[in-house]
Amino acid sequence: MSNYTTQMDAARKGIVTPEIEKVAKKEKMDVDKLMELVASGKVAIPANKHHKSLDAEGVGSMLRTKINVNLGVSRDCKDYDVEMQKVMSAVKLGAEAIMDLSSHGNTQPFRQKLTSECPAMIGTVPVYDSVIHYQRDLATLTAQDFVDVVRLHAEDGVDFVTLHCGITRKTIDQIKKHKRKMNIVSRGGSLVFAWMCMTGEENPFYEHYDEILEICEEHDVTISLGDACRPGCLADATDVCQIEELVRLGELTKRAWDHNVQVMVEGPGHVPLDQVAANMKVQQSICMGAPFYVLGPLVTDIAPGYDHITAAIGGAVAAMNGAAFLCYVTPAEHLALPNVEDTKQGIIASKIAAHAADIAKGIPGARDIDDKMADARRALDWDAQFACALDPETAKAIRDDRLPEDDHSEACSMCGKFCAVRSMNKALAGEYIDIL
């Protein structure tokens, strides 16, 4: 019988769990140092006791930046086989977490399949599933109904749940008063807001937070405190609604830690590039260093079809300044449910942002693969270059599609024998440099 409840409880008791040991090895960090960070809440190791296939990861600003992939079926796109293709692709490309945001159909078998087979951390948003699970309109659900779905997801083995605990009935007046351009763009946040408006009751996730903490402590579920008031456009960034909710999330973080429940705090959203770093620092202060989980952030509003790029720009700056966890954004953001190719593009963009930030932060070993790539490029060793690439298949396909007409072993079709690397190699070796 286990003599600890959560990874945080174990760390506080000086118990080295298999998950702590594994994360320390992955991060090249001393176990005692990692345990201090987990005990203080600065690192979360989302690891539900029922998720037996989990390959545990740590989330914290002093660790490698992790990325999350959102997927799930909707009424218009309801093929679970396609969603599993996305899961397999995401894991292969290095995603550390999968969030099932399904909003249609029988969600439990898919969720249980994820937690029985997928090695990545699994997250969910129970408020989405509440309407589907009970097959009743939002206004007919009770506060206890929502809490019971949190318990169901915990029992199914999900490692973290996004809960929009930070908005209250006061937020209703605040949203009406401040006249935001985009109001609330969080899907879960809008559902909680709508339920409060229709029932006249307080946010059930806020009002019943202690009961939720008991559930999360029992199963070792990490709470990802959802940012219902995250900005949905640049004009709403860093406004009163966003910051006041963040203050409340800081209070809820402390309450969770008092129960040995691990916490991540979710953040924006759409943020002008010059405000990204400040948003990270404010969160770190208000939420006492709890890992920050950001959506992007997107640094412009005008790039539908290319929002994986706008998110990667913001994500790199965010992670460099303290964000620990990047939620990927795909080219389909704001337009449609992403397909398999959209998912791939979103993952690669987020992985680039995360890796660039890790180099900037000086994470031990982060630049090693870049140095190997430089060596391979100097040697014009194409196979070695592909081995270092984030997406070897795409890199190789592009080269193979446009090989130079002569002497494929050295140059590419961009420069041919004008290749600077080739010329320098020959010059330094004292060889004749033929150009024509």
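See above for the structure.
About the cut-offs
Residues numbered from 1 in each chain as written. Predicted model: local features only at pLDDT ≥ 70, side-chain atom pairs only at ≥ 80, totals over all residues. Heavy atoms only, no water. Salt bridge = Lys/Arg side-chain N within 4 Å of Asp/Glu carboxyl O. Helix = DSSP H or I, 4+ residues; strand = E, 2+ residues; numbered from the N terminus. Buried < 20%, exposed > 50% of the residue type's maximum accessible area, 1.4 Å probe, protein only. Pairing = 2+ DSSP bridges. Right-handed = clockwise from strand over helix to strand, strands pointing away. Expected span 1.5 Å × (residues − 1). Contact = heavy atoms within 4.5 Å. Axes fitted to C-alpha atoms, helices over the stretch in contact; angles between N-to-C directions.

Caption draft 1: Geometry of the pattern of salt bridges. All chains considered together, the criterion is met by 31 salt bridges. Among the ionic pairs, K26 bridges to D55, the shortest N-O distance being 2.9 Å. Of the two residues, K26 sits in helix α2 (residues 18-27) while D55 sits in the loop between α3 (31-40) and β1 (66-71), which places them 29 residues apart along the sequence. A salt bridge links R402 to D401; the shortest N-O distance between them is 3.3 Å. Among the residues examined, D401 registers a relative accessible area of 58% and is labelled exposed. When salt bridges with common partners are traced through the structure, they connect K22, K26, E27, D55, E57, R64, K66, E96 and K351 into a single cluster.

Caption draft 2: Region of the structure containing the pairing of β1. Counted residue by residue, β1 has 6 buried out of 6 residues, so it is predominantly covered. Residues of β1 alternate between two faces, with K66, N68 and N70 on one and I67, V69 and L71 on the opposite face, all of them buried. Inspection of the sheet shows β1 paired to strand β8 (residues 325-327) by 3 bridges, in the parallel sense. Bridge pairing in β8 links I67 to L326. Bridge count for β1 against strand β2 (residues 97-100) is 4 bridges, and the pairing is parallel. Opposite N70, over in β2, you have M99 as the bridge partner. For the crossover from β1 across helix α4 (residues 80-92) to β2, the handedness is right-handed.

Caption draft 3: Inspection of α4 at higher detail. Across its 13 residues, α4 extends 18 Å between first and last C-alpha, which sits within 8% of the 18 Å expected from 1.5 Å per residue. Within the span of α4, buried status applies to E83, M84, K86, V87, S89 and A90. Tucked into the core, α4 has its buried residues touching β1, β2, α5 (107-117) and α15 (340-361). Phi turns positive one or two residues past the end of α4, at G94, with a value near 100°.

Caption draft 4: Summary view of the sheet that holds strand β7 (residues 292-295). One closed barrel holds the 8 strands; their spatial order is β1-β2-β3-β4-β5-β6-β7-β8, and the pairing between them is parallel. Strand-to-strand twist in this sheet, taken as the mean axis angle between neighbours without regard to direction, amounts to 25°. Sheet topology note: the strand β6 (residues 263-267)/β7 ladder contains 3 bridges and is parallel. Note that in β7 the partner of E266 across the bridge is Y293.

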